[in-house]
Amino acid sequence: AVVFIFMFAAVSILSLSSIHQLQGNARVVNYVGIVRGATQKLVKRELQGYPDDALITRLDSIVNELITGEGPNGLIVLNDPVYLNNMQKVREHWKGIKEDIQLERAGMKNDLFEASEEYFVLVDRTVSSAEAYSEQKVRVTTSILVGVNIGVGILLACCIVYYIHTASLQKRADALGRIAFVDPLTQIPNRTSCEQHMKALANVPPQPLAVFMFDMNNLKYINDEKGHAQGDQLILSFAHILKAETDPYGFVGRYGGDEFTAFLLGCTETTAQQYLGALHEKVVAHNLLPVNHLEKISFAVGYAIGGTDETTPDELLSIADRKMYAHKRKMKENIDQGDGVK
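Report on the accompanying structure. For clarity, every value in this text was computed on a predicted model and none was experimentally measured.

Moving on: the packing of aromatic side chains. The full count for this structure, using the stated rule, is 9 aromatic pairs. Aromatic pair F214 and F238: ring centres 6.2 Å apart, planes at 75 degrees, arrangement edge-to-face. Of this pair, F214 sits in strand 1 (residues 209–216) while F238 sits in helix 7 (residues 228–246); the two residues are 24 residues apart in sequence, bridging distant segments of the chain. Grouping residues by exposure puts F214 and F238 together as buried.

Here is the structure:
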């Protein structure tokens, strides 16, 4: 592990350094190209009688910075003899061009046009030398990074082989557990888990127990009109709201399709109404969000309270299921306003 961390750090440092160097090389190539183009523009303007001292000053600064690395443009010095020799020649020719410009402005005979043509060829050669140097650096850096990455890959492969058997067994066990007890879409308990929870509740000492059954409305319409992906998103959103509201008090799970069930121990009629009221507020808040304006959550609910008599959790679930369907029928008849609260 220590060796892997060391090699990873080395690759990271080398990569960052290489990126910085390559960026610097690219800026140099770009600015040598600027010198080439801007000088031609300057000479053309001077020959037409439009002096441009600001551009001369800028070119002075760039040419100097390309040789010394000192200036406002953040340029580096390419450590390449061919390039540096070319840049020295560029600076000398630039001095000659500036002298010819002054002669041109004074109306005296000069070789400004011919000098600019020679200067263009020289700077173009300098650009080529800078590009060649940059390409060489890219090849060298690439070779080093490939070698280091191969080493890291080999080390990583060894680590994977070392741990793969244990990891595979653990993943297989986790996957089987999740398949058996967790709904893959909502990541809350599935029907099997709900049924096991009901069996466990049958063995606890007698105490108030509320069993809720929820059924989402209009899901078939959303699946048909918007697609199953949108329907799944609506189920997921409702599951998150149910889980957030139920977790502090009891158990909630996806019973199947668009049906959910919740079990709340110690729940009275008042507590059940408070629970459904808070759930309703969260659904309303969700539906008011602009992003949800086309797909709003609507649900029917029924619940039954028992636990202090001989009524079993299974029987309470059946009662809650019947009440839920009665509520759903009322909602369709526009008797209930669909607030999901009994």
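Next comes the rest of the write-up.
Structurally, N73 is set in the loop between helix 2 (53–68) and helix 3 (81–105). Classification of N73 by relative accessible area gives buried; the value is 17%. Once residues lying within four places of it in the same chain are set aside, the contact partners of N73 are R27, Y31, S61, I62 and E65.

What follows deals with the packing of helix 2 against helix 3. It is the contact of helix 2 with helix 3, at a shortest axis distance of 10 Å, that shows an interaxial angle of 165 degrees. One way to sum up the angle between helix 2 and helix 3 is to call them roughly antiparallel. Crossing angle aside, the handedness with which helix 2 passes helix 3 is left-handed. Here D53, I56, L59, D60, V63, N64, L66 and I67 of helix 2 come into contact with helix 3, specifically with Y83, M87, Q88, R91, W94, K98, I101 and R105. Grouping the amino acids of the contact of helix 2 with helix 3 by side-chain chemistry returns 9 nonpolar, 2 polar and 5 charged.

What counts and how
Residues numbered from 1 in each chain as written. Predicted model: local features only at pLDDT ≥ 70, side-chain atom pairs only at ≥ 80, totals over all residues. Heavy atoms only, no water. Phe/Tyr/Trp six-rings, centres within 6.5 Å; stacked < 30°, edge-to-face > 60°. Helix = DSSP H or I, 4+ residues; strand = E, 2+ residues; numbered from the N terminus. Buried < 20%, exposed > 50% of the residue type's maximum accessible area, 1.4 Å probe, protein only. Contact = heavy atoms within 4.5 Å. Axes fitted to C-alpha atoms, helices over the stretch in contact; angles between N-to-C directions. Parallel < 35°, antiparallel > 145°, perpendicular 65-115°, else oblique. Left-handed = near helix turned anticlockwise from the far one by under 90°. Nonpolar A, V, L, I, M, F, W, Y, C, P; charged D, E, K, R; others polar.

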